[in-house]
Amino acid sequence: MFLGIDIGTSGVKAIVLDDAGGLAGQGSAPLSVSRPHELWSEQNADDWWQATSAAVKAIDPALRRSVRAMGIAGQMHGATLLDSADRPLRPAILWNDGRAHAECAELEAAVPALHAITGNLAMPGFTAPKLLWLRKHEPELFAQVARVLLPKDYVRLKMTGNAASDLSDSAGTLWLDTGQRAWSEEVLAACGLGLQHMPSLHEGSEITGTLRAEVAADWGMDAVPVVAGGGDNAAGAAGFGVVSDGDALLSLGTSGVIFAATSAFRPNPENAVHAFCHCLPGLWHQMSVHLSAASCIDWVGNLTEASGPAEVFARAEAAGSGGSELFLPYLSGERTPHNDPHIRGAFLGLGNETDAGRLSAAVLEGVAFALADGMAALRAAGTQIDELSVIGGGARSRYWGSILAAALNVRLVYLDGGEVGPALGAAKLAQMAVTGGNATEICTRPPVAHVIEPDPLLAERLAPKLARFRRAYPGVAAVAS
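These notes cover the structure that comes with them. Since the structure is predicted, the reported quantities are computational estimates derived from the model, not experimental observations. (Residues numbered from 1 in each chain as written. Predicted model: local features only at pLDDT ≥ 70, side-chain atom pairs only at ≥ 80, totals over all residues. Heavy atoms only, no water.)

1. Here we look at the overall build of the protein
Part 1: Helix and strand counts for the protein stand at 18 helices and 24 strands.
Part 2: Here the protein has a C-alpha radius of gyration of 21 Å; the compact-globule value for 481 residues is 23 Å, and the two agree.
Part 3: With respect to the three principal axes, the spread of C-alpha positions in the protein is 60 × 50 × 40 Å.
Part 4: Of the contacts made within the protein by residues no fewer than 6 positions apart, 73% connect residues no fewer than 24 positions apart.
Part 5: Of the charged side chains in the protein, 34 are positive and 50 negative; the average position of the first set lies 2 Å away from that of the second. (Helix = DSSP H or I, 4+ residues; strand = E, 2+ residues; numbered from the N terminus. Rg over C-alpha atoms; globule rule 2.2 N^0.38 Å. Contact = heavy atoms within 4.5 Å. Lys, Arg positive; Asp, Glu negative; His and termini not counted. Charge placed at Lys NZ, Arg CZ, Asp CG, Glu CD.)

2. Here we look at the packing of aromatic side chains
Part 1: This structure, assessed with the given rule, holds 11 aromatic pairs.
Part 2: Taking 6.0 Å as the distance between ring centres and 35° as the angle between the ring planes, the aromatic pair formed by phenylalanine 313 and tryptophan 400 counts as tilted. With phenylalanine 313 in helix α13 (residues 309–319) and tryptophan 400 in helix α15 (residues 398–408), this pair connects stretches of sequence that are 87 residues apart. Tryptophan 400 shares its class with phenylalanine 313; the two are buried.
Part 3: Pairing phenylalanine 327 with phenylalanine 347 gives two aromatic rings, centres 4.9 Å apart and planes at 40°, and the pair type is tilted. Of this pair, phenylalanine 327 sits in strand β20 (residues 326–328) while phenylalanine 347 is found in strand β21 (residues 346–348), placing the two residues 20 residues apart along the sequence.
Part 4: Lying across the ring of tryptophan 40, arginine 99 places its NZ or CZ 3.5 Å from the centre. (Phe/Tyr/Trp six-rings, centres within 6.5 Å; stacked < 30°, edge-to-face > 60°. Buried < 20%, exposed > 50% of the residue type's maximum accessible area, 1.4 Å probe, protein only. Lys NZ or Arg CZ within 6 Å of the ring centre and 35° of its normal.)

3. Let's talk about the pairing of strand β16 (residues 248–252)
Part 1: Of all 5 residues that make up β16, 5 are buried, and the element is covered over most of its length.
Part 2: Side-chain alternation along β16 places Ala248, Leu250 and Leu252 on one buried face and Leu249 and Ser251 on a second face that is also buried.
Part 3: In this antiparallel pair of consecutive strands, β16 and strand β17 (residues 256–262), the connection spans 3 residues.
Part 4: The sheet contact formed by β16 and strand β22 (residues 387–391) spans 3 bridges and is parallel. Residue pairing across strands places leucine 250 opposite valine 390, the latter belonging to β22. (Pairing = 2+ DSSP bridges.)

4. Re the pattern of salt bridges
Part 1: Going through the model one piece at a time under the given rule, you end up with 24 salt bridges.
Part 2: The partner of arginine 90 in a salt bridge is glutamate 42, and the shortest N-O contact between them spans 3.1 Å. Taken together, the residues span a long stretch of sequence, with arginine 90 in the loop between β6 (80–82) and β7 (92–93) and glutamate 42 in strand β4 (residues 42–43) at a distance of 48 residues. Taken individually, arginine 90 and glutamate 42 each receive the classification buried, so the pair is uniform in this respect.
Part 3: If you follow the salt bridges from partner to partner, you end up with Glu42, Arg90, Asp97, Arg99 and Glu138 in one network. (Salt bridge = Lys/Arg side-chain N within 4 Å of Asp/Glu carboxyl O.)

5. Focus on the packing of helix α14 (residues 356–380) against α15
Part 1: Contact geometry for α14 and α15: axes closest at 9 Å, N-to-C directions at 35°. The handedness of the crossing between α14 and α15 comes out as right-handed. Here α14 contributes Leu364, Glu365, Val367, Ala368, Phe369, Leu371, Ala372, Met375 and Arg379 to the contact with α15, which in turn contributes Tyr399, Trp400, Ile403, Leu404, Ala407 and Leu408. (Axes fitted to C-alpha atoms, helices over the stretch in contact; angles between N-to-C directions. Left-handed = near helix turned anticlockwise from the far one by under 90°.)

6. Some words on unusual backbone geometry
Part 1: Between threonine 336 and the following residue, proline 337, the backbone shows a cis peptide bond with an omega angle of 0°.
Part 2: One non-glycine residue with positive phi stands out, namely histidine 77, at about 75°.
Part 3: Topologically, histidine 77 is positioned in the loop between β5 (69–74) and β6.
Part 4: By relative accessible area, which is 5% here, histidine 77 ends up buried.

7. What about the sheet that holds strand β19 (residues 284–290)?
Note: strands within a sheet are paired through backbone hydrogen bonds, in either parallel or antiparallel orientation.
Part 1: Taken in spatial order, the 7 strands line up as β18-β19-β17-β16-β22-β23-β24 in an open sheet, and their pairing is mixed. With partners counted over all chains shown, the strands left at the sheet margins are β18 (274–277) and β24 (448–452), one partner each. Across the sheet, the axes of successive neighbouring strands diverge by a mean angle of 30°, strand direction being ignored.
Part 2: Relative to strand β23 (residues 411–415), β22 runs parallel, the two being bridged by 4 bridges.

See the structure below:
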């Protein structure tokens, strides 16, 4: 048995895989996000640890006792700031926090080769600009920073006592020389940091320590090895067989991501496309990232007093597509292709006939249109994608899938277990570590649940709205702040 844990934004998931790769058990625990000021998004690091323990303990005790190794995946970019005793100095600043916009320009000015080194634009969500913000606005606290860890790596520290990270997650800090798969001392120095502040670096299936005896006893497990794991998107990709050049997936979680594996480092920062290391040796990946995806479903559900996401999807399907209502899904700003932390969401084209169903339909379409912008950026970067494996909570709705396939003009392949996502990849990386198996053998694509082909008639009906969507961004951006 192999345990995989995913430290998400809205909750922690833990799963157990059997030796044949089947899902044997799972548990989860919720998390909440604090937004004390405009553009801010924070979580308390110890909440991750408590939720991790709760999620693991929700798994059947007999399965826990059979676990041979474990891996960790997690939300990327979060700045977890620790003192010399490895205690959190403040709430962690998350991936969808937009406060460090000015610091991005400062970092790019300080390191002219930043794009070449990291393969990415400086964006507020990345970890490095957050530390520049901290140095400027909380200098006394910055002076106490002894270590900076990503969210999943803080959980690893609590598990094993070791400060370690994997390359896929670390590439999202903007401190990594992504092509060389090593920390960049030049970019670290520009942020007032050095190698001593960073965890050790590992490929995703490398062992980074063993579960501390007291944690193992509390969880009812042996002191099993803990592998490096991966950032949530890379781990999800590994779990679903995206392990060769050209393989691609669509992740519909809190954020939305189109992920394409590449056999070489292929940066294209001009279109706000991310280029990171994969969690598997010798592989990289490109991503378009959208800060709001399935979170928009929850948002409109709360707004219209729906009982849950299922009712939102049902209302939208009953209303049908192609109404006059248009939704810009920028509730937390946007990355690809706009790199704009200040843009905010908007409804346009509302009329007396607009009701909860038509608002819900507009939200499904709006997220699909944002993802279509991301797909266009990837295609402009020379990445050809004809098929996407679909994972994440948003994968539950076939109706939304039909809209996504038409807007993106790709075949969508829904896989069994798609909703567990990154935790699956983390468990498979653990399996690789103790069995000696390679990615081709272990990180295979799960059975196909169903396939959605793009509907030409639906694509034709949505095309005018997609054009309106693209025209709307400049105007909304001009009045958003």
